[in-house]
Amino acid sequence: MTTLPERSVEGGLALAVGGGTVSFDDVRVTRASSSAFQRVDAERLAVVAHRGASSVAPENTMVAQEVGRRSGAEFIENDVRFSRDGVPVLMHDATLDRTTDGTGKVGTLSAAQIGLLDAGSWFAPAFAGARVPTLAEQLADLRTRGGSLLLETKEADSIEDIATVIDVVRAENMTGRVLVQSFDPQHLRWVRALAPEIPLGLLRDKLDADPVAVSKELGLAMYIPSGAALEARPGVVGDLHEAGLGVWVWTVDTAERWDRYDRYGVDGIITNRAGELTGWINGRGAGTGVSGTAPGGL
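Residue numbers run consecutively from 1 along every chain, following the written order of its sequence. In keeping with the model being predicted, local features are shown solely for residues with a pLDDT of at least 70 and side-chain atom pairs are shown and tallied solely at 80 or more, while totals for entire chains, interfaces and linings include all residues. Only hydrogens and water are set aside when side-chain values are computed; all heavy atoms of the structure are taken into account.

Remarks on the packing of helix H1 (residues 62–70) against helix H3 (residues 135–145)
The criterion, for reference: For helices, the fitted axis covers only the stretch in contact; all axes are lines through C-alpha atoms, and the angles between them, taken along N-to-C directions, range from 0 to 180 degrees. By definition, any uninterrupted DSSP run of H or I lasting at least four residues is a helix, any uninterrupted run of E lasting at least two residues is a strand, and each is numbered from the N terminus. Small angles under 35 degrees read as roughly parallel and large ones over 145 as roughly antiparallel, with 65 to 115 read as roughly perpendicular and the rest as oblique. Two helices cross in a left-handed way if the nearer one is turned anticlockwise from the farther one by less than a right angle. They cross in a right-handed way if the turn is clockwise. Working rule for contacts: check all heavy atoms of both residues, and any pair within 4.5 Å makes them a contact. Charged means Asp, Glu, Lys or Arg here, nonpolar means Ala, Val, Leu, Ile, Met, Phe, Trp, Tyr, Cys or Pro, and polar covers whatever is left, Gly included.
Interaxial distance between H1 and H3 falls to 11 Å at its minimum, and their mutual angle equals 30 degrees. Looking at the two axes, H1 sits roughly parallel to H3. Here H1 and H3 pass one another in a crossing that is right-handed. Listed contacts from H3 to Met-62, Gln-65, Glu-66, Arg-69 and Arg-70 of H1 are Glu-137, Gln-138, Asp-141, Leu-142 and Arg-145. Residue composition of the contact of H1 with H3, grouped by class: 2 nonpolar, 2 polar and 6 charged.

Rendered as structure tokens:
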């Protein structure tokens, strides 16, 4: 299951899913087609909060996730690495230095030791004491309080590493609300082999010569290029849509670029400024006689 809105229904939104019919808060959820990540409402871009609402809160923390949720993001995007004892934790960098008061590589400390680090003071004094969550903690929060996860695997040396991540997703009963993305096609092949029910997205800083062929070979639901890559060949969005694929773009933080990629026809935007993007989507019809379309809450 994903939480990309599919159509309006009484009491909420219908959301695209990967299997079955379920209820989520006041939302009726029905099985998605192969084009589940394509927006059906021309006004409706998916808002994806990059590392949580990382422009206003320390990245990859629970507070960033909460701000992203309240900002109207359908998905929280976060990165996963492994502690010394093999626990998946939220961390973008290979080292702890930039975003915590710890030092050295993530894998040199146990999950318990990482959990004691201050992951907020570097950003602002108000966030002192924010911690590095485990993937299990993040998923438990999303499951109980709402939201879906765009999960980037930053490191995986073997299929066993990917199996560890999937085990956590399954233990938290969240396979229906996670999309796994990676720059490494091998990571995605391993996920597909172990958990074919989880949708996949390929991250690219440059376009493949044939994105459709690559997407089909990997069994993708989503192709996710950088903004710069997309500008080189904006027509690829239509090609991917014809093949039943969604297209999200990373990481875009200005209204001028939101408008540009919206005109290209992308289905969603990954941004550090989720609240501002939500406001831009809601307000772009103001003064034109066209109502903005509000995004689904989490």
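After presenting the structure, the write-up continues.
Here's the deal with the confidence of the model for the protein
Condition: The pLDDT value tells you how sure the predictor is about a given residue, anywhere from 0 up to 100.
For the protein, per-residue confidence averages 86 on the pLDDT scale, and residues scoring 70 or more make up 83% of the total. Every residue in residues 1–34 is under pLDDT 50, and counting partners more than four places away or in other chains gives 86 contacts.

Some thoughts on the pairing of strand E8 (residues 148–153)
Applicable threshold: Accessibility here uses a 1.4 Å probe with only protein chains present; expressed as a share of the type maximum, an area under 20% marks a residue as buried, one over 50% as exposed, and anything in between as partly exposed. Pairing between two strands is assigned when DSSP locates at least 2 bridges connecting them. Handedness rule for crossovers: strands pointing away from the viewer, path from the first strand over the helix to the second running clockwise, crossover right-handed.
Of all 6 residues in E8, 6 are buried, a share of seventy percent or more. Burial of the side chains of E8 extends over both faces: Ser-148, Leu-150 and Glu-152 are buried on one face and Leu-149, Leu-151 and Thr-153 on the other. Pairing between strand E6 (residues 75–82) and E8: 6 bridges, direction parallel. Bridge pairing links Phe-75 to Ser-148 in E8. Viewed along the sheet, the connection from E8 through helix H4 (residues 159–171) into strand E9 (residues 178–182) turns out right-handed.

Quick word on the nonpolar core
Test applied: Within this scheme, the nonpolar core is defined by two criteria: the residues are buried Ala, Val, Leu, Ile, Met, Phe, Trp, Tyr or Cys, and they are joined through side-chain atoms within 4.5 Å.
Residues Leu-135, Leu-139 and Val-266 are the most contacted members of the largest nonpolar core, which totals 51 residues. Residue contacts for Val-266: discarding those within four places in its chain leaves Arg-39, Leu-45, Leu-230, Val-237, Val-247, Val-249 and Tyr-261. In terms of nonpolar packing, the next biggest core, distinct from the first, is built from 13 residues, Ala-36, Ala-46, Leu-179 and Leu-203 among them.

A word on the side chain of Glu-74
So the rule is basically this: Any pair of N or O atoms that falls within 3.5 Å is considered a polar contact. Within protein, one atom must be able to donate a hydrogen and the other to accept it, and sequence-neighbouring residues count only if both atoms are side-chain atoms.
When you line up the elements, Glu-74 lands in the loop between H1 and E6. Overall, the relative accessible area of 2% leaves Glu-74 in the buried class. Polar side-chain contacts of Glu-74 include one of 2.7 Å to the backbone nitrogen of Val-47.

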